[in-house]
Amino acid sequence: MLVADNVSKAFAGSVRAVRGVSFSLAPGQIMGLVGASGSGKSTLLNLLAGLADVDTGSVLLNDKRVPGPSDVLIAGHPDIRLVHQEYQLMPNVSIRENIAYAVRYFEKEYRTHRVDALLKLCRLTAVQDRLPRQVSGGEKQRTAIARAIADVPAVLLLDEPFSHLDLPNRLLVRDLLFELVREQQTACLFVTHDAVDALSIADTIGILRDGKLIQLGTPESVYLRPDTAYAARLTGRVTVLAEKYRPLLGLPASDSPDRLMSIRPEQVTIDESGVAVRVRAVFFMGSHYELEVELNRYASLRLLTTRADIQVGQLVNIRVNADAVWPLRS
Ligand code: ADP
Ligand code: MG
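Bear in mind that the values here come from a model prediction, so they are computed numbers and not experimental data. (Residues numbered from 1 in each chain as written. Chains lettered and ligands numbered in written order. Predicted model: local features only at pLDDT ≥ 70, side-chain atom pairs only at ≥ 80, totals over all residues. Heavy atoms only, no water.)

Asker: Account for the overall build of the protein chain, naming residues and giving values.
Answerer: What the protein chain contains, in helices and strands, is eight helices and 17 strands. In terms of its C-alpha atoms, the protein chain occupies a principal-axis envelope of roughly 70 × 45 × 35 Å. Taking contacts inside the protein chain between residues at least 6 apart in sequence as the whole, the part at least 24 apart equals 63%. Accessible area for the protein chain stands at about 16,200 Å²; split by element, carbon and sulfur atoms hold 50% of it. Each charge class in the protein chain can be summarised by its mean position, and for the 38 positive and 37 negative side chains these summaries are 3 Å apart. (Helix = DSSP H or I, 4+ residues; strand = E, 2+ residues; numbered from the N terminus. Contact = heavy atoms within 4.5 Å. Areas by Shrake-Rupley, 256 points an atom, 1.4 Å probe, with all protein chains shown as cover. Lys, Arg positive; Asp, Glu negative; His and termini not counted. Charge placed at Lys NZ, Arg CZ, Asp CG, Glu CD.)

Asker: If you had to explain the site of ligand 1 to someone new, which residues and values would you point to?
Answerer: In the vicinity of ligand 1, the contacting residues are Phe-11, Val-15, Ala-17, Ala-36, Ser-37, Gly-38, Ser-39, Gly-40, Lys-41, Ser-42 and Thr-43. Side-chain polar atom of Thr-43 to an oxygen atom of ligand 1: 2.5 Å apart, as the coordinates give it. Summarising the interface, the protein chains cover 58% of the accessible area of ligand 1, which totals 560 Å² for the free molecule. Tallying contributions element by element places helix α1 (residues 41-48) first for the shell around ligand 1, with three residues. Class assignment of the residues belonging to the shell around ligand 1 gives a composition of four nonpolar, six polar and one charged. (Near = heavy atom within 4 Å. Polar contact = N/O pair within 3.5 Å; in protein donor to acceptor, adjacent residues only side chain to side chain. Nonpolar A, V, L, I, M, F, W, Y, C, P; charged D, E, K, R; others polar.)

Asker: Can you lay out the packing of helix α4 (residues 137-149) against helix α5 (residues 167-184) for me, pointing to particular residues and giving the numbers?
Answerer: Where α4 contacts α5, the two axes come as close as 10 Å, and the packing angle between them is 15 degrees. As summarised for this structure, α4 and α5 are arranged roughly parallel, according to the angle between their axes. α5 is crossed by α4, and the crossing has right-handed handedness. Residues Gly-138, Gln-141, Arg-142, Ile-145 and Ile-149 of α4 lie in contact with α5, whose contacting residues are Asn-169, Leu-172, Val-173, Leu-176, Leu-177, Leu-180 and Gln-184. Residue composition of the contact of α4 with α5, by class: seven nonpolar, four polar and one charged. (Axes fitted to C-alpha atoms, helices over the stretch in contact; angles between N-to-C directions. Parallel < 35°, antiparallel > 145°, perpendicular 65-115°, else oblique. Left-handed = near helix turned anticlockwise from the far one by under 90°.)

Asker: Give a detailed account of the UniProt feature "domain: ABC transporter" (unreviewed entry) in the protein chain, specifying residues and quantitative values.
Answerer: Within the UniProt annotation, "domain: ABC transporter" (unreviewed entry) is assigned to residues 2-235. Summarising residues 2-235: 33% helix, 26% strand, and an end-to-end C-alpha distance of 25 Å. (UniProt positions renumbered as here; feature names shortened; annotations may be inferred.)

Asker: Break down the sheet that holds strand β5 (residues 64-65) for me, citing the residues and quoting the values.
Answerer: What the four strands build is an open sheet, ordered β2-β1-β4-β5; its pairing is antiparallel. Looking along the sheet, the strands with just one partner apiece sit at the ends: β2 (15-25) and β5. The sheet strands contacting α1 are β1 (2-11), β2 and β4 (56-61), and the helix crosses β2 at an angle near 55 degrees. (Pairing = 2+ DSSP bridges.)

Asker: Please provide a residue-by-residue account of the pattern of salt bridges, values included.
Answerer: In total, this model carries 15 salt bridges according to the counting rule given. Two residues, Lys-41 and Glu-160, come together in a salt bridge whose shortest N-O distance is 3.6 Å. Within this pair, whereas Lys-41 is found in helix α1, its partner Glu-160 is found in the loop between β7 (155-159) and α5, the two being separated by 119 residues in sequence. Here Arg-329 ties to Asp-227 by a salt bridge, and the two come within 3.5 Å at their closest N and O atoms. Within this pair, whereas Arg-329 is found in the segment after β17 (326-327), its partner Asp-227 is found in the loop between α7 (219-224) and α8 (229-234), the two being separated by 102 residues in sequence. Overall, the relative accessible area of 63% leaves Arg-329 in the exposed class. Sharing partners across several salt bridges, the network here consists of Arg-237, Arg-280, Glu-290, Glu-292, Glu-294 and Arg-302. (Salt bridge = Lys/Arg side-chain N within 4 Å of Asp/Glu carboxyl O. Buried < 20%, exposed > 50% of the residue type's maximum accessible area, 1.4 Å probe, protein only.)

Asker: Pulling in residues and values, what's your account of the pairing of strand β10 (residues 212-217)?
Answerer: Relative to β10, strand β9 (residues 204-209) runs antiparallel, the two being bridged by five bridges. Paired with Leu-208 across the bridge in β10 is Leu-213. Count of turn residues in the β9/β10 antiparallel hairpin: two residues, of which Asp-210 carries a positive phi of about 50 degrees.

Asker: Quick one: what's the story with the sheet that holds strand β11 (residues 239-242), residue by residue and with numbers?
Answerer: A sheet is described by the order of its strands in space; here three strands give the open sequence β11-β12-β17, paired in antiparallel fashion. With partners counted over all chains shown, the strands left at the sheet margins are β11 and β17, one partner each. Judged from the four bridges that link them, β11 and strand β12 (residues 260-263) form a sheet pairing that is antiparallel. Paired with Val-240 across the two strands is Ser-262, which belongs to β12.

Asker: Any chance you could break down helix α3 (residues 108-121) for me, citing the residues and the numbers?
Answerer: Helix length check: α3 (14 residues) gives 20 Å between terminal C-alpha atoms against 20 Å at 1.5 Å per residue, within 8%. The set of residues buried in α3 consists of Arg-114, Val-115, Leu-118, Leu-119 and Leu-121. Within α3, the buried residues cover an arc of 160 degrees as seen down the axis, which keeps them to one side. Those residues of α3 that are exposed and angled more than 90 degrees off the buried face are Glu-109, His-113 and Lys-120. (Expected span 1.5 Å × (residues − 1). Arc of directions from axis to C-beta.)

Here you go:
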């Protein structure tokens, strides 16, 4: 079990990069922390890996404190691996040797067997003899992951593992992590600026804002019941409106008209018995269309439909699922 207990870190110039972060992560679990650039993601990972010293709080692995670099000769913890955003592969040796280096202290026979298995798991067998600069970004990323998991760490940390990859490669890495965590019972924590990756793979997601973990829960709970407009917007398409607009949506009036509410676009349907609104924009999204409809001069609402016959300027009747309208704290 990896535990962060009220972990904080500030840099010179009073940048409070990580502020009082607490969570726990069990073996076989995947956690995704979502935060904008500069929200403290990389700093937090370095603290968790024992590669930077905490100012206050502590990081524990199986009830033992993970020491920071000022406490030990060689920074880093033997059971925790961090895959950096830039991969940090050795440029002058092959993909295979990059991975083999991580198990260099093992017996030769085991080493060969282990590297073969990792190449296969990470879909790298065909490119194993190439140098890092001769493979694609996705292959470099998977080499970095293979190297990190080679000696079966208890905890795998990944810094934006999806951000440089195209969709097919993102899905490949996602499936790989899923398989890895299930087979080896690794505890896996990744940080990302794109919640879509986190929603689909993580057991738990967290929202990081200015170094603070402002919400933590299952992907469904954070997506459907965000605490704040910030968390709502970070986790997907959403309309955030003041509750005074409820009657315009066909919903009962609110007693706190200034409070904000979030409405996910898939919770709004076209329905002949709903309220009439004018279509302001139509976006083709591949599997569906996203519509923007006008509630009045100041407010609009997003909704999804598979109907292909809707035109800008047209009137449509919409119904909002009242159970899915969620009040926000700010
Ligand atoms: P993220 O990975 O989410 O983009 P970082 O953890 O890299 O965020 O940075 C969080 C904040 O800490 C930023 O304001 C950044 O400028 C600052 N920061 C990060 N590393 C250092 C450092 N070594 N020295 C000073 N400030 C830093
Ligand atoms: Mg970063």
